[in-house]
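As a plain string of letters, each chain reads:
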Amino acid sequence: MPHDYIPLHNRSQRDMSYSSSFVHKFLKQLQHHQQQNPAATRWHLPSYDATDEVDQQVIISRSSPHSFQLGTGASIFTSTLIPAIVSARCEVIFVTCFWAPSKTLSAITDALVKLADHRRHLPNPHDTEPLTVRICFSSRSVFQKLLHPQSRDGYTYSPAEWQKKLGLPDPALLDEAGIRLQVKSLFFLPFSVMHPKFVIIDRQRAFIPSCNVSWEPWLEGCVEITGDAVASLLSFYALTWEKHVDFRKPLPTTHDSRTSELQGQLLDPQHLIFVPSSAHHLVLPPASSAPLPTLVLPSSHHQNPQFRFLPWQPAAKPPATPLNVAMLELFEQARQSIYLQTPNLTCEPVIAALLDALKRGVHVTIVTGRNMMLLEQLVTAGTTTSWCIRSLVRRFRKLRTHAAHDLESGDPGLGHLRISYFHPRSAAKPGKRGRQARAANDAQIQDPEEEEPVHTHLKLTIVDGEFTVLGSGNMDRASWYTSQELGVLFHDAAFAESVREGVDLVLDQRLSLVFDSLYS
């Protein structure tokens with residue numbers, strides 16, 4: 001583990017017992033798996049040693065969530081992420097997975113052009129700190145992935161390629177304004193995309209969205225945080241993308257008088273492009289007297305997908321990454337409820353863990369997509385979400401045939417299973433929800449300027465109403481076996497409640513019930 005790149009200069013001391021027994025059980029499981037197969041861990045990108053106290057401090061952290069924004073990818077970028085980027089004083093780290101021509105890319109380019117023009121016309125432009133913008137992504141086309149260098153150093157795009165290949169502004173325009181842009185990509189054949197998405201502003205605040213720079217109008221989410229967890233994200237970034245840069249060195253400091261002056265010179269976000277969405281909704285979490293217990297959970301990519309081609313072969317165990325181990329431990333410790341929202345559900349260990357939870361009497365709610373990225377599902381998982389949902393329901397019904405005997409034996413009985421598919425609100429048949437709800441729905445359908453999400457791309461898990469996991473990881477085989485992922489776990493009941501309430505509000509009239517064990 002190259003500890004030199006872990007930015008611990010601004011970390012506070014923390015109590016390892018702050019987050020109940022879950023952290024201890026999670027660490028014990030992670031250490032057990034790493035001791036069983038130490039060679040595999042050395043190849044992880046990034047690699048963490050669960051027995052090392054310094055590495056533990058990177059994973060076990062604290063944060064203060066400031067907002068949770070729902071909407072389409074374009075609406076979240078234009079309302080939240082791009083305004084944050086243009087507000088940066090010294091540095092922007094912008095990591096995403098997919099990069100494609102889209103409303104989002106047009107808005108990013110427009111913002112950089114306007115920011116450059118704004119900086120050139122400041123009263124003392126030569127006294128303004130240079131702004132470093134680091135853009136990192138994994139995929140922009142099939143051919144780009146097939147021809148991509150397989151080195152961990154990735155591919156760095158030259159300024160001559162920015163406009164034609166990436167749709168970014170003229171390098172000379174940016175350079176004249178003191179904007180130092182760097183663009184890099186990482187991808188490993190056959191399926192190992194770098195799937196995390198996050199934005200870090202001046203190493204002080206971070207945004208973890210679910211959306212890519214892409215054209216799809218999908219339902220997405222984005223949480224904004226400050227606190228020690230930002231340093232953990234910066235460490236994850238350094239170990240993956242910039243191993244040769246020492247991020248321990250603090251950014252230049254600015255005196256209070258100069259800071260006030262700079263604040264007055266920021267580009268007005270009202271001058272930027274905004275893409276509205278009928279699903280746009282801002283959640284402001286309840287104020288907390290102290291930062292929330294937070295786990296920053298990386299999951300390394302793996303080039304071996306561990307396929308099992310024969311029907312009688314059991315599913316391979318997923319790689320024991322911090323994210324995978326934490327999710328399975330959450331499912332195992334669940335005592336009351338599991339809420340799962342994921343674009344796809346094709347990971348057999350997840351399905352098996354949900355069935356085990358149901359057998360313990362835990363209520364399980366699943367929101368997913370019916371026909372999202374079907375070809376990708378077949379290639380990376382050999383199955384589809386709809387097939388896996390049908391299999392899950394069959395297995396649940398089989399369990400239910402033994403429920404009466406289990407009750408006599410003292411078992412708590414099966415939990416309640418509810419599964420829904422996401423659909424655009426305009427495709428829903430209006431229900432009897434009252435005159436006001438129907439009027440609001442009609443207004444949204446009739447507004448051609450607002451994007452209506454056609455699929456859900458939000459990755460959200462809430463366990464027992466107190467553990468909330470957001471990030472890039474899906475509950476599909478690709479995320480669990482081959483892609484690099486990043487999850488952030490918050491341990492706070494009030495935060496979980498606020499997120500769930502916001503999601504439920506946006507999902508109103510956008511769900512089709514597939515199965516409900518209370519009625520089926």
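Every chain is numbered on its own, with residues counted from 1 as its sequence reads. For this predicted model, a pLDDT threshold of at least 70 governs which residues receive local features, and a threshold of 80 or more governs which side-chain atom pairs are given and counted, while totals over whole chains, interfaces and linings are taken from all residues. With hydrogens and water set aside, each side-chain value is computed from the structure's full complement of heavy atoms.

A.B. asks: Is there a simple way to explain helix α11 (residues 322-333) in this structure?
C.D. replies: Residue pairs spaced three or four apart in an α-helix point in one direction, given the helix's 3.6 residues per turn. Helix and strand labels come from DSSP, where a helix needs a run of H or I of at least four residues and a strand needs a run of E of at least two; each type is numbered from the N terminus. Here the expected length of a helix is defined as 1.5 Å per residue gap, with one fewer gap than residues. Between its first and last C-alpha, α11 extends 16 Å over twelve residues, near the 16 Å set by a 1.5 Å rise per residue. Most of α11 is tucked away: ten of the twelve residues are buried. For α11, the set of buried residues is Pro322, Leu323, Asn324, Val325, Ala326, Met327, Glu329, Leu330, Phe331 and Gln333. Whether a residue is buried, partly exposed or exposed follows from its accessible area with a 1.4 Å probe, protein chains only, as a fraction of its type maximum: under 20%, in between, or over 50%, in that order.

A.B. asks: Honestly, the side chain of Glu224 in this entry has me stumped. Any pointers?
C.D. replies: Positionally, Glu224 belongs in strand β10 (residues 218-226). What makes Glu224 buried here is its relative accessible area of 14%. Each polar contact in these results corresponds to two N or O atoms within 3.5 Å; when the atoms are within protein, one needs to be able to donate a hydrogen and the other to accept it, and residues that are neighboring in sequence are counted only if both atoms are side-chain atoms. Among the polar contacts made by the side chain of Glu224, one reaches the side chain of Arg205 at a distance of 3.2 Å.

A.B. asks: Sorry, what's going on with the state of the cysteines here?
C.D. replies: In a disulfide, the sulfur atoms of two cysteines are held together by a covalent bond. Any two cysteine sulfur atoms within 2.5 Å of one another count as a disulfide. This model, assessed by the stated rule, comprises zero disulfides. In this structure Cys211 is not part of a disulfide, and its nearest cysteine sulfur, from Cys222, lies 6.5 Å away.

A.B. asks: Please explain the pattern of salt bridges as it appears in this structure.
C.D. replies: Take a side-chain nitrogen of Lys or Arg and a carboxyl oxygen of Asp or Glu: if they are within 4 Å of each other, that pair is a salt bridge. As enumerated under the stated definition, the model contains 14 salt bridges in all. For Glu451, the salt bridge goes to Lys103, with nearest N and O atoms at 3.2 Å. Of this pair, Glu451 sits in the loop between α16 (435-446) and β16 (455-456) while Lys103 sits in helix α5 (residues 103-120), and the two are 348 residues apart along the sequence. Residue Lys114 is joined to Asp110 by a salt bridge in which the shortest nitrogen-to-oxygen separation is 3.1 Å. Placement of both Lys114 and Asp110 in helix α5 is noted, with a separation of four residues, approximately one turn of the helix. The partly exposed category is assigned to Asp110, whose relative accessible area is 21%.

A.B. asks: What should I look at first to understand the environment of Ser102 in this one?
C.D. replies: For Ser102, the location among the structural elements is in the loop between β2 (91-95) and α5. Linking Ser102 and Ala74, residues 28 residues apart in sequence, is a C-alpha distance of 8.5 Å. A distance of 3.2 Å separates a polar atom in the side chain of Ser102 from the backbone nitrogen of Leu105.

A.B. asks: I keep staring at the UniProt feature "domain: PLD phosphodiesterase" (unreviewed entry) in the chain and nothing clicks. Help me out?
C.D. replies: UniProt positions are given in the numbering used here, feature names are shortened, and annotations may be inferred rather than shown by experiment. Look at the UniProt record and you will see "domain: PLD phosphodiesterase" (unreviewed entry) annotated at residues 190-217 and 457-479. With 13% helix and 39% strand, the stretch residues 457-479 has end C-alpha atoms that lie 13 Å from each other.

A.B. asks: Which parts of the structure should I look at to understand the pairing of strand β9 (residues 205-209)?
C.D. replies: Sheet faces and side chains relate simply in a regular strand, where the side chains alternate between the two faces. β9 sits mainly inside the fold: four of its five residues count as buried. The rule for pairing is simple: two strands pair if DSSP sees at least two bridges between them. As paired strands, strand β8 (residues 198-201) and β9 are joined by three bridges and run antiparallel to one another. Paired with Val199 across the bridge in β9 is Phe207. With antiparallel pairing between neighbouring strands as the criterion, β8 and β9 make up a hairpin whose turn holds three residues, including Asp202 at a positive phi of roughly 50°. Pairing of β9 with β10 involves five bridges; the strand directions are antiparallel. The residue bridging Phe207 from the neighbouring strand is Glu224, located in β10.

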